[in-house]
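Inside the fold
Residue strings, one per chain:
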Amino acid sequence: MEREDLYKLRGGLKNIAHLREEIAALESRRLSPRITAYGSERVQSSSRGDIMPEQAAQMDALIARYRAELNGTLALQAEFERMIEPLNPLEKRIMRYYYIDGMIWEQIWQETNYSTRHLLRLHRGIMDKLFPSEQKTG
């Protein structure tokens, strides 16, 4: 995992929940009881007329895209969990709050009772542990 991947992961739980909601909503519309079969094609009736099979295919493509994005986010999160495994419990908690839960430092401060300044210092130390080859030389 690269340092840039962590920022893609930031707020991952919100993104995962959002993607799951979008997939469920699309599947619900796609599999609605109002959809009737005409031969081998599926068409959905609406107040605007029938939704053509091309539009149904677009919904399927969007569902597939959301599923791929969801799977990518879940894989990134699993890789993140493996990466932080060697850290101590406080360090893991800080990393999860910031990158998985998407909390800001002030929220983490309220959860941990450490000052924002101390949290930033801890975070810098954690990043140095996780990415030793990227440490700045002075």
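This write-up is about the structure you can find in this document. (Residues numbered from 1 in each chain as written. Predicted model: local features only at pLDDT ≥ 70, side-chain atom pairs only at ≥ 80, totals over all residues. Heavy atoms only, no water.)

1. Topic: the packing of helix 4 (residues 89-100) against helix 5 (residues 105-112)
Where helix 4 contacts helix 5, the two axes come as close as 10 Å, and the packing angle between them is 145 degrees. Note that helix 4 runs across helix 5; the crossing there is right-handed. For the pair formed by helix 4 and helix 5, the contact residues are Arg93, Ile94, Tyr97 and Tyr98 on the first element and Trp105, Ile108, Glu111 and Thr112 on the second. Of the residues contributing to the contact of helix 4 with helix 5, the split by class is five nonpolar, one polar and two charged. (Axes fitted to C-alpha atoms, helices over the stretch in contact; angles between N-to-C directions. Helix = DSSP H or I, 4+ residues; strand = E, 2+ residues; numbered from the N terminus. Left-handed = near helix turned anticlockwise from the far one by under 90°. Contact = heavy atoms within 4.5 Å. Nonpolar A, V, L, I, M, F, W, Y, C, P; charged D, E, K, R; others polar.)

2. Structural notes on helix 2 (residues 12-30)
The first and last C-alpha atoms of helix 2 sit 26 Å apart over 19 residues, in line with the 27 Å expected at 1.5 Å per residue. Every buried residue of helix 2 is accounted for by Gly12, Ile16, Leu19, Ile23, Leu26 and Arg30. Buried residues of helix 2 fall within an arc of 100 degrees about the axis and therefore sit on the same side. Of the residues in helix 2, the exposed ones pointing more than 90 degrees away from the buried face are Lys14 and Glu21. (Expected span 1.5 Å × (residues − 1). Buried < 20%, exposed > 50% of the residue type's maximum accessible area, 1.4 Å probe, protein only. Arc of directions from axis to C-beta.)

Purely geometric stuff here, so don't read any function into it on its own.
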